[in-house]
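Observations on the model geometry
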Amino acid sequence: MQKIKCAVLGATGVVGQHFLRLLVDHPYFELTSICASDARAGLALGTVKEQVEGGVPKSFHQMIFDPMDVTGLAAKGVRVAFSALPAEVADKMEKEAAQKGICVFSNAGSYRMDEQVPILVPEINHAHLQLVKQQKTPGFIVTNANCTTTGLVMALLPIMPFGIRRIISASYQAISGAGYPGLSALDILGNVIPYIKNEEPKVRREMAKICGTLTGVAIQPTDWEIFAHCIRVQTTIGHLISVHIELERSVTHAEVKQALVEFKSPSVIAGLPTAPIRPIIFNEEIDRPQPRYDVLLGDPERARGMAVAIGRLEVEDRVVRLVTLSNNLVRGAAGGSVLNAELALRQGLLSA
Ligand SMILES: NC(=O)c1ccc[n+]([C@@H]2O[C@H](COP(=O)([O-])OP(=O)(O)OC[C@H]3O[C@@H](n4cnc5c(N)ncnc54)[C@H](OP(=O)(O)O)[C@@H]3O)[C@@H](O)[C@H]2O)c1
């Protein structure tokens, strides 16, 4: 199979560097271009400060940054762009890339609520990918959810068949969620900050869209009542979320546990390189999941960090309470986008 030429936009940041790692020897995509801010153009990737464990893959050290110019990328044969740009840059660049025939898999918030753009978490809403056919550009944009929302909706997925009415969540979010360099040490060390700008409305509206139903050419959001508190804590990677779920009917602990333990990925993504074989790992231990031990779950090796850990399950009549943990940089960002692109290729939406 001929590999599809791809670019990473925002390759120096914490999400961008995870893209680089995930694209080493990828069976479908060949990394041919990297971009970041203007001052990087012409420099080698090996000059970049390493932001993530394992750093910038050695096999890419000699790559030279291209200017952030999508016309130039399209002329070089780039067909897929993995975007780790800040929203204010993504606003312009992602739309221009789609106009030049590039298919963009984005982590930025810019187009998530656009009616023709899916927020794709394929275990839940793979059918929403068809929305890209409504976009009036030669390429298209597919987005990831905000990193908190991803862990939350993954935990809800096995519980959805019981009928959800209301969700109340409190997320304890790692510092890396704010990108590099993130918060000042004086703000976060020895501290907990009970507010993250714009995060709570994002969780509410993105969750309703992701878990909504595609009817014809539009998504009907869910009518669940959703309340979210988003809190910054001084962990480095992994968003831990305490969730209270109210259902339409009574359930037993055994029923919910069985749904979580036996949950499998839909066949539509089975076998994709970045799809975890078991997307949900259920913990019996009373003190798990913990960011220190549980943010790199997922098999095979390429899917490490893609599985979501769930624990502290309590069930009482119509109420389910649990704690979920997901890797904000992998499942909630770069890994999620790569999986989305793999699915788009499998569904015939990408070509070399
Ligand atoms: N961190 C997370 O957990 C997470 C999770 C989900 C989604 N996201 C989203 O993913 C995106 C990237 O997040 P991040 O945490 O990786 O941020 P980051 O560490 O701050 O990285 C931002 C990247 O964008 C580049 N950039 C900045 N200004 C630019 C410009 N004017 N033109 C071109 N490139 C520019 C930076 O390049 P230079 O180094 O050259 O400045 C860097 O490569 C954001 O939209 C964020 O909201 C982040």
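Residues numbered from 1 in each chain as written. Predicted model: local features only at pLDDT ≥ 70, side-chain atom pairs only at ≥ 80, totals over all residues. Heavy atoms only, no water.

Focus: the pairing of strand β13 (residues 308-316)
In the sheet, strand β12 (residues 280-282) pairs with β13 via three bridges, with the strands oriented parallel. Each bridged residue has a counterpart across the sheet, and for Ile 280 the counterpart in β13 is Val 308. The pairing of β13 with strand β14 (residues 319-326) spans six bridges and is classified as antiparallel. Its bridge partner being in β14, Ile 310 is matched across the sheet by Thr 324. Once β13 ends, the chain turns through two residues before running back antiparallel as β14, passing Asp 317 with a positive phi of about 55°. (Pairing = 2+ DSSP bridges. Helix = DSSP H or I, 4+ residues; strand = E, 2+ residues; numbered from the N terminus.)

Considering unusual backbone geometry
Here the amide bond leading from Tyr 180 into Pro 181 is cis, since omega sits at 5°, within 30 degrees of zero. Mapped onto the elements of the fold, Pro 181 is located in the loop between β7 (164-173) and α6 (185-188). With an omega of 0°, the peptide bond running from Asp 299 to Pro 300 counts as cis. Along the chain, Pro 300 falls in the loop between α9 (291-294) and β13. Positive phi, close to 55°, is recorded for Asp 25, a residue that is not glycine. Mapping Asp 25 onto the fold places it in the loop between α1 (14-23) and β2 (29-35). Classification of Asp 25 by relative accessible area gives exposed; the value is 65%. Even without glycine at this site, Asn 198 takes up a positive phi of about 65°. (Buried < 20%, exposed > 50% of the residue type's maximum accessible area, 1.4 Å probe, protein only.)

Some details on the nonpolar core
Residues Leu 20, Phe 29, Leu 31, Leu 45, Phe 82, Phe 105 and Leu 350 are the most contacted members of the largest nonpolar core, which totals 48 residues. No other element matches helix α10 (residues 330-346), which puts nine residues into this core. Taken domain by domain, the makeup of this core includes at least three residues from each of domain 1 (4-146 + 334-346) and domain 2 (147-327). Discounting chain neighbours no more than four positions away, the residues touching Leu 350 are Ile 4, Phe 29, Val 80, Cys 103, Phe 105, Phe 140, Ala 341, Ala 344 and Leu 345. The next biggest cluster of nonpolar side chains, apart from the first, holds 40 residues, and it includes Ile 167, Ile 196, Ile 210 and Ile 226. (Core = buried A, V, L, I, M, F, W, Y, C linked by side-chain atoms within 4.5 Å. Domains from an automatic or database assignment. Contact = heavy atoms within 4.5 Å.)

A closer look at the site of the ligand
Thr 12, Val 15, Ser 37, Arg 40 and Leu 85 are the nearest of the 26 residues found near the ligand. Notes on the ligand: free accessible area 900 Å², of which the protein chains cover 78%. Of all the secondary structure elements, the ones that give two or more residues to the shell around the ligand are α1, α3 (87-99) and α10. Each residue belonging to the shell around the ligand can be placed in one class, and the counts come to 15 nonpolar, ten polar and one charged. (Near = heavy atom within 4 Å. Areas by Shrake-Rupley, 256 points an atom, 1.4 Å probe, with all protein chains shown as cover. Nonpolar A, V, L, I, M, F, W, Y, C, P; charged D, E, K, R; others polar.)

Some thoughts on the pairing of strand β5 (residues 103-106)
By the alternation rule, side chains of β5 split into Cys 103 and Phe 105 and Val 104 and Ser 106, which are all buried. The pairing of strand β4 (residues 80-83) with β5 spans four bridges and is parallel. The residue bridging Ala 81 from the neighbouring strand is Val 104, located in β5. Bridge count between β5 and strand β6 (residues 140-143): four bridges; the pairing is parallel. Note that in β6 the partner of Cys 103 across the bridge is Phe 140.

A short note on the pattern of salt bridges
Summed over the entire model, instances satisfying the criterion amount to twelve salt bridges. Across the salt bridge formed by Arg 331 and Glu 123, the nearest N and O atoms sit 2.9 Å from each other. Highlighted residues: Arg 331 in helix α10 and Glu 123 in helix α4 (residues 122-125), separated in sequence by 208 residues. In this pair, the class of Arg 331 matches that of Glu 123, namely buried. A salt bridge links Asp 294 to Arg 288; the shortest N-O distance between them is 2.8 Å. (Salt bridge = Lys/Arg side-chain N within 4 Å of Asp/Glu carboxyl O.)

Observations regarding the sheet that holds strand β1 (residues 4-9)
Strand order in the open sheet made by the six strands is β3-β2-β1-β4-β5-β6, with parallel pairing throughout. Of all the strands in the sheet, the pair left with one neighbour each is β3 (65-66) and β6. Direction of pairing for β1 relative to β4: parallel, over a ladder of four bridges. Paired with Val 8 across the strands is Phe 82, a residue of β4. Against the sheet, α1 contacts β1, β2 and β4, and its axis sits at roughly 155° relative to β1. Relative to β5, α10 is tilted by about 145°, and along the sheet it contacts β1, β2, β4, β5 and β6. (Axes fitted to C-alpha atoms, helices over the stretch in contact; angles between N-to-C directions.)

A word on the domain arrangement of the chain
You can read the domains of the chain as domain 1 (4-146 + 334-346) and domain 2 (147-327). Computed over C-alpha atoms, the centres of domain 1 and domain 2 are 24 Å apart. Each partner contributes to the interface: domain 1 provides 33 residues, whereas domain 2 provides 38 residues. Its largest share of buried area at the contact with domain 2, domain 1 owes to Glu 123, Ile 124 and Asn 146, together 25% of the area lost on that side. Taken together, the connections running from domain 1 to domain 2 amount to one salt bridge. (Buried area = accessible area lost by both parts, 1.4 Å probe.)

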